[in-house]
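Commentary on secondary and tertiary structure
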Amino acid sequence: TLSMAQKKKDLDEKNGFRDLKFRMTFDSIQNLNLVEGNANDLSKWYEKTDDKLSIGDFEIESISYGFYRGKLDVIIIRTKGYSNSRGILSIFENQYGKGYKSNPYMNDYYWFGKNVTLSYDENSITNDATIIISTNLFEEMKQIDKKAALDKAKNEF
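Let me sum up the structure you'll find in this document. Numbering of residues starts from 1 in each chain and follows the order in which that chain's sequence is written. Residues qualify for local features only when their pLDDT is at least 70, as the model is predicted, and side-chain atom pairs are given and counted only at 80 or more; totals for whole chains, interfaces and linings, by contrast, use all residues. Excluding hydrogens and water, the side-chain values take into account all heavy atoms of the structure.

1. Here we look at the overall build of the protein chain
- The helix and strand labels rest on DSSP assignments: H or I over at least four residues marks a helix, E over at least two residues marks a strand, and numbering proceeds from the N terminus. Helix and strand counts for the protein chain stand at three helices and eleven strands.
- Helices and strands appear in the protein chain in the N-to-C order α-β-β-β-β-β-β-β-β-α-β-β-β-α.
- Taking all 157 residues of the protein chain together, 37% fall into the buried category.
- Any two residues whose heavy atoms approach within 4.5 Å at even a single point are treated as in contact. Expressed as a percentage of contacts within the protein chain between residues at least 6 apart in sequence, the contacts between residues at least 24 apart total 48%. Per-residue accessibility, obtained with a 1.4 Å probe over protein chains only, is compared with the maximum for each type, and a residue is labelled buried under 20%, exposed over 50%, and partly exposed between these values.

Structure (structure tokens):
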């Protein structure tokens, strides 16, 4: 069995989802369709018109791609129903080991790499799941941008 350190290294090495890597520019990814955000927004959300909505035998409801300043920052995968959600959870556990569970009564799991975080959050009633894969490489820039926006607002107040 692989060590936790190795599993975290695998998460960081994957650095994204399928053939997409974090920090790829918007222009370098084909077939993106804007779903949320406007020209002035630092963060925008897209879906790929050619996405394969399955992993192995398990169906995916949707995949959304979040970009920060034109670079891939976060990927959200949604599943419906017990078998699809748990099937994809088992793929992640096989790949990255057992996730960290903050609450023994909830089906929420986290995997923390050095640069990449993976989370799995399952609704206890519907068994639908939201899976978030994100990079922390933009955190500093986001804090600077947030402060600049607050300073600008303060000056306009």
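Having put the structure on the table, let's press on.
2. Thoughts on the side chain of D12
- Examined against the element boundaries, D12 turns out to sit in helix α1 (residues 4-14).
- Residues adjacent in sequence count toward polar contacts only when both atoms are side-chain atoms; beyond that, a polar contact is any pair of N or O atoms within 3.5 Å, and within protein one must be able to donate a hydrogen and the other to accept it. Of note is the side chain of D12, whose polar atom sits 2.8 Å from the backbone nitrogen of N115.
- Those residues in contact with D12 that lie beyond four places of it in its chain are G113, K114, N115 and V116.

3. Examining the layout of surface pockets
- In this structure, the largest pocket encloses a volume near 230 Å³.
- In this analysis the probe radius is 1.4 Å and the grid spacing 1 Å, with only protein atoms considered; a cavity is a set of points the probe fits into but cannot get out of, a pocket is an open set with protein on both sides within 12 Å along at least five of seven lines, and lining residues have an atom within 4 Å of a point. If you trace the largest pocket, you find 15 residues lining it, with K14, F17, R18, F92 and Y96 closest to the centre.
- Where the lining of the largest pocket is concerned, the elements lending two or more residues are α1, β1 (16-17), α2 (82-96) and β10 (116-122).
- In terms of residues, the lining of the largest pocket owes the most to one element, α2, which gives five residues. Grid points are joined across faces, edges and corners, and a volume is the space filled by probe spheres set on the points.

4. Looking at the sheet that holds β10
- One open sheet holds the seven strands; their spatial order is β3-β4-β7-β8-β11-β10-β9, and the pairing between them is antiparallel. Whereas interior strands pair on both sides, the edge strands pair on one side only; in this sheet they are β3 (32-36) and β9 (108-112). Each neighbouring strand pair of the sheet contributes to a mean axis angle of 20°, computed without reference to strand direction.
- In terms of strand pairing, strand β7 (residues 62-68) meets strand β8 (residues 71-79) through seven bridges, oriented antiparallel. Bridge pairing in β8 places S64 opposite I76.
- Throughout, an axis means a line fitted to C-alpha atoms (over the contacting stretch in the case of helices), and angles, computed between N-to-C directions, take values from 0 to 180 degrees. Packing of α2 onto the sheet brings it into contact with β8, β9, β10 and β11 (129-135), and relative to β10 it is tilted by some 150°. For two strands to pair, DSSP has to find at least two bridges joining them.

5. Describing α2
- The terminal C-alpha atoms of α2, which comprises 15 residues, lie 21 Å apart, in line with the 21 Å expected from a rise of 1.5 Å per residue.
- Turning to α2, its buried residues number three or more, namely N84, S85, G87, I88, L89, F92, E93 and Y96.
- G97 occupies a position one or two residues after α2 and carries a positive phi of about 85°. For a helix, the expected span equals 1.5 Å multiplied by the residue count minus one.

6. Brief notes about the side chain of T79
- In this fold, T79 is placed in strand β8.
- Side-chain polar atoms of T79 contact the side chain of S85, separated by 2.6 Å.

7. Here we look at the packing of aromatic side chains
- Under the pairing criterion, centres of Phe, Tyr and Trp rings, with the six-membered ring standing for Trp, must be within 6.5 Å; the plane angle then separates stacked pairs below 30 degrees from edge-to-face pairs above 60, leaving the rest tilted. The tally for this structure, following the rule as stated, stands at nine aromatic pairs.
- Relative to F138, the ring of Y68 lies with its centre 6.0 Å away and its plane at 55°, an arrangement referred to as tilted. Taken together, the residues span a long stretch of sequence, with Y68 in strand β7 and F138 in the loop between β11 and α3 (139-156) at a distance of 70 residues. Taken as a pair, Y68 and F138 share a single burial class, namely buried.
- An aromatic cluster of at least three residues, connected via ring pairs, comprises F92, Y109, W111 and Y120.
- The lysine or arginine in question, K142, covers the ring of Y68, its NZ or CZ lying 5.4 Å from the ring centre. Working rule: Lys NZ or Arg CZ, within 6 Å of ring centre, within 35 degrees of ring normal, means a charge sits over the ring.

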